[in-house]
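Here are the chains, one letter per residue:
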Amino acid sequence: MANTADVDALDFEPDDDDLMDEDAAVDVDASSPSAAAPIPKLKSAITAGSAAALASSVPKKIKGRGFREETDAGRSNRLSGRFDSLDSDGGPGPERSIEGWIILVTGVHEEAQEDDLQNAFGEFGEIKNLHLNLDRRTGFVKGYALIEYENFEEAEKAITSMDGGELLTQAVNVDWAFSRGPFKRKNNRRRSPRGHRSRSPQRRF
Amino acid sequence: MAEEENGAAGGGEFYLRYYVGHKGKFGHEFLEFEFRPDGKLRYANNSNYKNDTMIRKEVFLTPSVLKECRRIVSDSEIMKEDDNNWPEPDRVGRQELEIVMGNEHISFTTSKIGSLMDVQTSKDPEGLRIFYYLVQFALLASSVELAW
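Here is what the cut-offs are and how they apply
Residues numbered from 1 in each chain as written. Chains lettered and ligands numbered in written order. Predicted model: local features only at pLDDT ≥ 70, side-chain atom pairs only at ≥ 80, totals over all residues. Heavy atoms only, no water. Helix = DSSP H or I, 4+ residues; strand = E, 2+ residues; numbered from the N terminus. Buried < 20%, exposed > 50% of the residue type's maximum accessible area, 1.4 Å probe, protein only. Areas by Shrake-Rupley, 256 points an atom, 1.4 Å probe, with all protein chains shown as cover. Contact = heavy atoms within 4.5 Å. Phe/Tyr/Trp six-rings, centres within 6.5 Å; stacked < 30°, edge-to-face > 60°. Lys NZ or Arg CZ within 6 Å of the ring centre and 35° of its normal. Buried area = accessible area lost by both parts, 1.4 Å probe. Salt bridge = Lys/Arg side-chain N within 4 Å of Asp/Glu carboxyl O. Polar contact = N/O pair within 3.5 Å; in protein donor to acceptor, adjacent residues only side chain to side chain. Pairing = 2+ DSSP bridges. Axes fitted to C-alpha atoms, helices over the stretch in contact; angles between N-to-C directions. 1 Å grid on protein atoms, 1.4 Å probe; cavity = no way out; pocket = protein on both sides within 12 Å on 5 of 7 lines; lining within 4 Å. Points joined across faces, edges and corners; volume = space filled by probe spheres on them. Nonpolar A, V, L, I, M, F, W, Y, C, P; charged D, E, K, R; others polar.

1. Regarding the overall build of chain B
Argument step 1. A count of helices and strands for chain B gives 4 helices and 6 strands.
Argument step 2. Traced from its N-terminal end to its C-terminal end, chain B shows the element sequence β-β-β-α-β-α-β-β-α-α.
Argument step 3. For chain B, the residues scored as buried account for 61% of the 148 residues in total.
Argument step 4. For chain B, the computed accessible surface area is about 6200 Å², with 51% contributed by carbon and sulfur atoms.

This is the structure in structure tokens:
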């Protein structure tokens, strides 16, 4: 649970949150006559719910045919509107999947096998599902695995026990896979290890 | 910690969108998903062939998941590629891959790639191969995470 509080700051402005409102964004783009214009301006060339939502002031190096093509009118609609989602309040914190709780293990050794993960993570609870993705090009493990437990406590125990631990002599990180809501932008102050409400120590002369 | 976040695998924005589809006798059939910077993963699958229903799902991913996605994209070196010599989308279908990572934004389009043979015989086998495998990974990742 501690992990989910430490979200990384992302470089978009608070008022960009409006762009994350798909309905508002779709209306703007769908009705805009410039939506079909093949201008490689990031906001107008790209569909409403997507890169436009970044709205970062950092200029980007752009590349690719997609910028030169006319925007397909349907594109702005495909990823907008109502989507089925897990029932959640949108706040921070881990989210369960339909059948259990899924954790993400990263830094998995490329020669690891399912058995290795089973051995390392099986002691925290019964593993309902285990996905150890292979890199189809190399045949080795892609470097991450998804593990599902039935109970929150089991998953949490796996995280606190194994995060920063080792698997086949290689360091792994373990965290929740799903969250109940979007990342919140972290106040700069919170980068202080003492927390953003810390007071500086009293001066002593 | 903040310092090591800056770099290809770390800080800055991350956004990935993938689309594959075609317009045929069954209408517009497509699959598309999107990893957004705030962690939302959206997935839409419209296959009229099945029974005319569109599947649309979304879920929020943790920063750890996005960080891993970013690492895999970075390792693939797709950001260094260009779709100049890739086959253009055609009547059979099209694929779109759009990625924002740090201060780079790529938006590639190409036709459907049926097999590695298509990759091998293309004008840019190296680049297409990178694209092909990255797409394989992204499809797998999104389908696993949405397997509910």
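Don't stop here, the text continues.
2. So, the side chain of A:Ser97
Argument step 1. Residue placement: A:Ser97 occurs in the loop between strand E2 (84–85) and strand E3 (101–106).
Argument step 2. When residues no more than four places from it in sequence are discounted, the contact partners of A:Ser97 are A:Leu86, A:Ile102, A:Glu148 and A:Phe178.

3. Overview of the packing of aromatic side chains
Argument step 1. For the structure on display, the rule yields 10 aromatic pairs over all chains.
Argument step 2. Ring geometry for B:Tyr18 and B:Phe33: centres 5.7 Å apart, planes at 45°, overall tilted. One end of the pair, B:Tyr18, is in strand E1 (residues 14–24); the other, B:Phe33, is in strand E2 (residues 27–35), with 15 residues separating them in the sequence. When sorted by exposure, B:Tyr18 lands in the same class as B:Phe33, which is buried.
Argument step 3. Between B:Phe33 and B:Phe35, the aromatic rings sit 5.8 Å apart at their centres with planes inclined by 85°, giving edge-to-face as the arrangement. For the residue pair B:Phe33 and B:Phe35, the accessibility class agrees, reading buried in each case.
Argument step 4. Aromatic rings pair up to connect A:Trp101, A:Phe152 and A:Trp176 into one cluster.
Argument step 5. Here the basic side chain of B:Arg42 rests over the ring of A:Phe83, its NZ or CZ set 4.0 Å away from the ring centre.

4. Considerations on the interface of chain B and chain A
Argument step 1. Each partner contributes residues to the interface: chain B has 67 residues there, and chain A has 60 residues.
Argument step 2. Interface area for chain B against chain A, summed over the two sides, is near 5500 Å², with a carbon-plus-sulfur share of 57%.
Argument step 3. Applying the counting criterion to the chain B and chain A interface returns 3 salt bridges.
Argument step 4. The partner of A:Arg65 in a salt bridge is B:Asp83, with the nearest N and O atoms 3.9 Å apart.
Argument step 5. Our count for the contact surface shared by chain B and chain A stands at 24 residue pairs in polar contact (both at pLDDT 80 or more).
Argument step 6. Counting only elements with at least two residues in the side of chain B that touches chain A, the list comes to E1, E2, strand E3 (40–46), strand E4 (54–61), helix H2 (63–76), strand E5 (94–101), strand E6 (104–110) and helix H4 (125–145) of chain B.

5. What about the pattern of salt bridges?
Residues and elements named next belong to chain B.
Argument step 1. For the structure shown, the criterion picks out 16 salt bridges over all chains.
Argument step 2. In this structure, Arg17 and Glu98 form a salt bridge, with 3.0 Å as the shortest nitrogen-oxygen distance. Of this pair, Arg17 sits in strand E1 while Glu98 sits in strand E5; the two residues are 81 residues apart in sequence, bridging distant segments of the chain.
Argument step 3. According to the relative accessible area criterion, Arg17 is buried, its value standing at 1%.

6. Re the side chain of A:Thr106
Argument step 1. Counting through the fold element by element, A:Thr106 comes out in strand E3.
Argument step 2. Overall, A:Thr106 belongs to the buried group, its relative accessible area being 14%.
Argument step 3. Beyond its immediate stretch of four places on either side in the chain, A:Thr106 contacts A:Gly143, A:Tyr144, A:Ala171, A:Val172, A:Asn173 and B:Glu68.

7. Some thoughts on the sheet that holds strand E5 (residues 141–149) of chain A
Residue and element names in this part refer to chain A.
Argument step 1. The strand order across the open sheet formed by 4 strands is E4-E5-E3-E8, and the pairing between neighbours is antiparallel. The sheet is open, and its two edges are formed by strand E4 (127–134) and strand E8 (173–176), each paired on a single side. Put simply, the sheet's adjacent strands are angled 20° from each other on average, direction ignored.
Argument step 2. Direction of pairing for E4 relative to E5: antiparallel, over a ladder of 6 bridges. The residue of E5 that forms the bridge with Leu134 is Val141.
Argument step 3. In the packing of helix H5 (residues 114–121) onto the sheet, the strands contacted are E3, E4, E5 and E8, and the crossing angle to E4 comes to about 140°.
Argument step 4. Along the sheet face, helix H6 (residues 152–162) touches E3, E5 and E8 and points at about 150° away from the line of E8.

8. Quick look at the layout of surface pockets
It is the rolling of a water-molecule-sized probe over the atoms that shows where space remains empty.
Argument step 1. Here the second largest pocket defines a volume of roughly 360 Å³.
Argument step 2. Lining the second largest pocket are 19 residues, and of these A:Asp135, A:Arg137, A:Lys142, B:Arg71 and B:Asp75 sit closest to its centre.
Argument step 3. Broken down by secondary-structure element, the contributors of at least two residues to the lining of the second largest pocket are E5 of chain A together with H2 and H4 of chain B.
Argument step 4. It is H2(B) that contributes the most residues to the lining of the second largest pocket, 5 residues altogether.
Argument step 5. Split by residue class, the lining of the second largest pocket holds 7 nonpolar, 5 polar and 7 charged.

9. A few points about unusual backbone geometry
Argument step 1. The phi angle at A:Leu168 is positive, at roughly 55°, despite the residue not being glycine.
Argument step 2. The residue A:Leu168 is located in the loop between strand E6 (166–167) and strand E7 (170–171) in this model.
Argument step 3. Phi angles above zero are rare outside glycine, and B:Glu77 is one such case at about 65°.
Argument step 4. For B:Glu77, the location among the structural elements is in the loop between H2 and E5.
Argument step 5. On the basis of relative accessibility, which here comes to 39%, the residue B:Glu77 falls in the partly exposed class.

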